[in-house]
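So you can see what is in the structure, the chains are spelled out below.
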Amino acid sequence: MRCVQDLNDDSRFIEFYNLVFMQYNKNDDGSLEPLKQKNIDTGMGLERMARILQNVPNNYETDLIFPIMEKAASMALVSYGKADDAMRTNLKVIGDHMRAVVYLISDGVIPSNIGRGYVVRRLIRRVVRTGRLIGMRGDGHENSEGAFLPSLAETVISLSSEIDPDVESRRKSILGELLREELRFVQTLGRGEKLLDELLDEALGSAGGDKPCLSGKDVFLLYDTYGFPIEITAEIASERDVTIDMKGFDIEMENQRKQSQAAHNVIKLSVGNETEIVKSIPDTEFLGYESLFATAVVKALLINGNPVENVSEGTDVEILLDRTPFYAESGGQVGDNGFLYVYGEEGGKQNAVIQIKDVQKSLGNIFVHKGTIKQGSVEVGKKIDAAVDGKLRQGAKAHHTATHLLQSALKSVIGSETSQAGSLVAFDRLRFDFSFHRPLTEKELLEIESLVNQWISDATHLETNVMALQDAKNAGATAMFGEKYGEQVRVVEVPGVSMELCGGTHVSNTAEIRGFKIISEQGIASGVRRIEAVAGDAFVEYVCSRDNYMRHLCSSLKVKAEDVNSRVETILEELRTARNEASSLHSKIAVLKAASLASKAVLVEPHNVRILVENMGDVDADALKSAAEHLVGTLQDPAAVILGSSPGDGKVSLVAAFSPGVVKLGVQAGKFVGGIAKLCGGGGGGKPNFAQAGGRKPENLPDALEKARAEIVAVVSSKAS
């Protein structure tokens, strides 16, 4: 237990077990509120117990971590026993972090720039930098350019095989993810470290008598462009006694979030007293699993988040009901659409019609129906009839069940280690994000589609059960990593195919999905792919529209559908040939035109350099290049040729060709033409003897060529003198 004596003498006392007596909840104002359920939290650290039983000086030197540190030391060609304190600290960082990232990746947490994925990436990058700092290079198998993380991970996996066999079974994906992440980081590490050194030098030089500080904007640049986790930047800065502006970094980060993340999953009511709203309105009873229609009572009306007693025609309103058949957006599925109807007393004349455009959850499990009063008026306490748009709901059901089938198909085709990273279930499509390190092949996509459509055609009845969370996990139900679940969960099962914890709406039989088609597959972040697909009515509409496009294409090409590919390939080949012939003709014409310009070359003494600067009209870039090469070869060395043209569409092309004699004078074509191109709103460069550039301001070309003529004459004259 926790000792009550003074523990400052840590050579005599080690805390290995403690008890925490939980009695109060501390409120925001600092006051203490007694807990309804008081309890005792007990904790005994595994590493601390191992340290005592194995009689080692610290947790890191137990058999849980020390073999990883030994492996790192051998790869760095050092001995842990003979290492100084700084080296030992670095080896401890590597050992601790490597064990963490291997288990995290094994559990499906893939490196990324957000959430838990960022934690993994941050740990990995700290290991990479620390390893390189102590001299670790290569993969430990005589490949000096290889990554060292996989070799360290092999040691972690071997230590884990008896206590967690899943780690061993996921060896391939763990090693592959670490290899890709390390090589990706190393590509930017050198440039980032160089920039950081420059920024630190600047901070130290401009500090004066103040404490040197790295600006938040610079820290964010390192994070956003070079992939430097804030902790690594702070660590390197601290080594040089420089602080970092965390407040400024947070501002830059928040600005980026505002620009890139407009969507939200849960709304929050902006009312004067949320506590009173919660007390007066119970959780909404959801009836939508069984019915699309229900009678309910209006419990509250809100306009712009403020409670009101009644709302009239034409007003946007948020309506809280005691019960509803409308599904509120959650679990990736969008909220239902439909109508609310208000009738007079005892079923009399219809008094109001409210169109519901969205439903969200707020303040726990209160459903917020967002809509517009289309007719009449509504007031708090009125009874209403709620009707969900059945066609749209069916679309959501088909896409949600198809999403479950898609996840099972992905695991079957590309491996069980892949995991869901997000989803959207809409009325007209589905979007599924998943962890994977490469694009899927055409063959894999076809196989996934085929599997899903086979399961649809099997016409399997879905089974839905509510059970204890642990029972669901024991049964093999898939849970979304990081998602919070209550003690009782809803399990949706397609027998023999899929079993997931899910609160969404689903078809009763897979045959209702009708068909499934993948529209696109793409990468959206490091290690995260996205599939978009259609099912149900949207699938039929998609197939019909594509068939319509194909019929028009067949009519235009005058071929059968099965011959379209070969016909298109033939047309493309004919087009490539025609373009090559046209390009060749343009080049020949440009050369002939250039030949007539050779006589315009001026001679600049004392080295008799022939200089030709001309506007070639609308000649394209390739033809301009051919003309310049011809002219510099035709004119006697030393010669300098500078040509420009405006090939159309607001474009400018520039070429500079210098003979060996001009280059020997110290004049370089690449540097020269780049400066001239700036006048035309562009840039470019190349080799000392030949360079090309472009621009977007053809109206400035005459002035640019005049400047080029003046500068080349001046430069050659000064070099000659």
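Residues numbered from 1 in each chain as written. Predicted model: local features only at pLDDT ≥ 70, side-chain atom pairs only at ≥ 80, totals over all residues. Heavy atoms only, no water.

Engineer: Before we go on, may I ask you to explain unusual backbone geometry in this structure?
Structural biologist: Of all residues except glycine, most have a negative phi; of all peptide bonds, most are trans. For the bond running from Asp637 to Pro638, omega is 5 degrees, close enough to zero to count as cis. With respect to the element layout, Pro638 can be found in the loop between helix H17 (621–634) and strand E24 (639–648). Not every positive phi belongs to a glycine, and Asn55 is a case in point at roughly 55 degrees. Here Asn55 is to be found in the loop between helix H1 (46–54) and helix H2 (66–75). For Asn55, a relative accessible area of 70% translates into the label exposed. (Helix = DSSP H or I, 4+ residues; strand = E, 2+ residues; numbered from the N terminus. Buried < 20%, exposed > 50% of the residue type's maximum accessible area, 1.4 Å probe, protein only.)

Engineer: Can you help me understand helix H3 (residues 85–106) in this one?
Structural biologist: One turn of an α-helix holds 3.6 residues; hence residues three or four places apart share an orientation. The first and last C-alpha atoms of H3 sit 32 Å apart over 22 residues, in line with the 32 Å expected at 1.5 Å per residue. Count one or two residues on from H3 and you reach Gly108, which has phi positive near 95 degrees. (Expected span 1.5 Å × (residues − 1).)

Engineer: How do you make sense of helix H9 (residues 230–239) when you look at a structure like this?
Structural biologist: Of the residues making up H9, those classed as buried are Ile230, Ile232, Thr233, Ile236 and Ala237. Angular distribution of buried residues about the axis of H9 spans 165 degrees; they occupy a single face of the element. Seen from the buried face of H9, the exposed residues on the opposite side, beyond 90 degrees, are Ser238 and Glu239. Asp241 occupies a position one or two residues after H9 and carries a positive phi of about 60 degrees. (Arc of directions from axis to C-beta.)

Engineer: Honestly, the domain arrangement of the chain in this entry has me stumped. Any pointers?
Structural biologist: A common way to report how large an interface is uses the accessible area buried once the components associate. Here the chain is described as being made up of domain 1 (50–240), domain 2 (285–388), domain 3 (435–544) and domain 4 (581–719). Each of domain 2 and domain 4 was reduced to a C-alpha centroid, and the two centroids are 72 Å apart. (Domains from an automatic or database assignment.)

Engineer: Teacher, can you tell me more about the environment of Gln375 here?
Structural biologist: Tracing the chain through its elements places Gln375 in strand E13 (residues 366–379). Residues Gln375 and Val353 lie 22 residues apart in sequence; the distance between their C-alpha atoms is 5.0 Å. The residues contacting Gln375, other than those within four sequence positions of it, are Glu313, Gln350, Asn351, Ala352 and Val353. (Contact = heavy atoms within 4.5 Å.)

Engineer: Is there a simple way to explain the pairing of strand E18 (residues 488–494) in this structure?
Structural biologist: In summary, the side chains of a regular strand alternate between the two faces of the sheet. When you tally the buried positions in E18, you get six out of seven residues, the bulk of the element. Where strand E17 (residues 463–468) lies against E18, six bridges are found, and the strand directions are antiparallel. Paired with Met467 across the bridge in E18 is Val489. Bridge analysis of E18 against strand E19 (residues 498–501) gives four bridges, and the strand direction is antiparallel. Bridging across to E19, Val492 finds its partner in Glu500. (Pairing = 2+ DSSP bridges.)

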